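Fold and geometry: a report
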Amino acid sequence: MSTSIQDVAQQAGVSISTVSRSFTRPDLVSAKTRERVLAIADKLNFSLSRSAAALKSGRSLRIAVLMSGHIRLWFTASVIEGLNEVLHSEGYDISIFQVSSIEERKEFFDMLPVRRNADAVIVVSFDIDNDEIAQLASVDVPIVGINSVDAQARGFAAAINIDDAQGSTLAARHLINLGHRRIAYVSTDRDISLSFSVRNRFDAFTEHCRREGVEPQVIVCKVDADGRYEISDVVTQLMSLDEMPTAIACQEDGIALPLLFQLERNGLSVPGDVSLIGYDDSFYTDDIGLTTIRQDPVEMARKAARMTLDLIEEKPLEHPFVTCPAQLVVRASTSRVK
């Protein structure tokens, strides 16, 4: 009887992925572990190629990642970094499916039956409906969410989410505590966005404002064909209001940072004339002094990747559904209303 990769893994006391890496990516395995694996493999007369590893293990050594938005965006790029850091070291490749429009969304799910060559699916900040959940479930592999709405109720095997309701409440409370009553909230179009965080953040922010007797002015940030935010149009909308707001909250730092510069180019001082708060704590926010809400998508992705590997190995998860608290980071772009 021929020796399988499972036999080597069992005798070496390591995972199947570690056996695979010992042959295909030795730089990712400690010298001691690799020597033990190779010695046992030699003893059992076992050899391995990457394609053979997949066949012998019954796995593709590939994880499908469904993402909304462009890969160049801070959150998306950070998630990919965290996933790759963990999955690559375990011998897995990532297949990224970027869905930025309704058309791409339909194409992905229409083609799903021919995309069964993955050991798990990770859904990133994507508001999928019940029919799409059923289509994903038909692939019969673990489905793990990162910032996925109602993940447990919709049949995900595991998920990790930022607490957007808490984060947006912190942002609203911060501005109101500083005395601001004329507040604008800048968001992309919630009706066409594929990201559930867009709606969650908006709902939580406006809800808290209204509880405090404040009705925020909603400004819709348009997105061009290349996925870039049209910040100049946001400034036009703001300056066309009967009264300029004394504070502006943005759906994300990707809007807040360029908006800060555009406001100052139009003669408005931040925070002298208008306070500004973002969301994410992304690149350059510390250097520029942007007050924001912090989340850590790299660490969230690492945790999601580890859960995914455990599910592939059919290990029970102690906490399959995790919510990460957000943090208010106060810097120089917000101040008391004058």
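Rules of the game
Numbers given to residues run from 1 along each chain, matching the order in which its sequence is written. Reporting in this predicted model follows two pLDDT cut-offs: at least 70 for local features of residues, and 80 or more for side-chain atom pairs to be given and counted; totals over whole chains, interfaces and linings ignore these cut-offs and use all residues. Working from all heavy atoms in the structure, the side-chain values ignore hydrogens and water. DSSP bridges decide pairing: two strands pair if at least two such bridges lie between them. Put simply, DSSP H or I for four residues or longer makes a helix, DSSP E for two residues or longer makes a strand, and each gets a number counted from the N terminus. Inter-axis angles, ranging from 0 to 180 degrees, are taken between N-to-C directions of lines fitted to C-alpha atoms, where helices are fitted over the stretch in contact. Residue contacts are defined here by distance: any two heavy atoms, one from each residue, within 4.5 Å place the two residues in contact. The buried label goes to any residue with under 20% of its type's maximum accessible area, the exposed label to any with over 50%, and the partly exposed label to all in between, with areas taken from a 1.4 Å probe on protein chains only. The arc in question is the one traced by the directions running from the helix axis out to the C-beta atoms.

With an unreviewed UniProt entry as reference, the protein chain is termed LacI family DNA-binding transcriptional regulator, source organism Bifidobacterium colobi.

What to know about the sheet that holds strand 9 (residues 275-277)
Pairing within the open sheet is parallel, and its 4 strands lie in the order 7-6-8-9. For this open sheet the edge positions go to strand 7 (217-220) and strand 9, each flanked by a neighbour on one side alone. For this sheet, the mean angle separating the axes of adjacent strands, direction not counted, is 20 degrees. Taken together, the 4 bridges between strand 6 (residues 183-187) and strand 8 (residues 247-250) define a ladder with parallel strand orientation. What sits directly across from Ala 184, in strand 8, is Ile 248. The sheet contacts of helix 8 (residues 164-177) involve strand 6, strand 8 and strand 9, and relative to strand 9 the element is tilted by about 165 degrees. Strand contacts of helix 11 (residues 253-265): strand 6, strand 8 and strand 9, with the helix running at about 150 degrees to strand 8, the strand carrying the most contacts.

A look at helix 1 (residues 5-12)
Restricting attention to buried positions, one finds in helix 1 the residues Ile 5, Val 8, Ala 9 and Ala 12. Looking down the long axis of helix 1, one finds its buried residues gathered within 95 degrees of arc, a one-sided arrangement. Just downstream of helix 1, Gly 13 is the residue with a positive phi angle, here 70 degrees.

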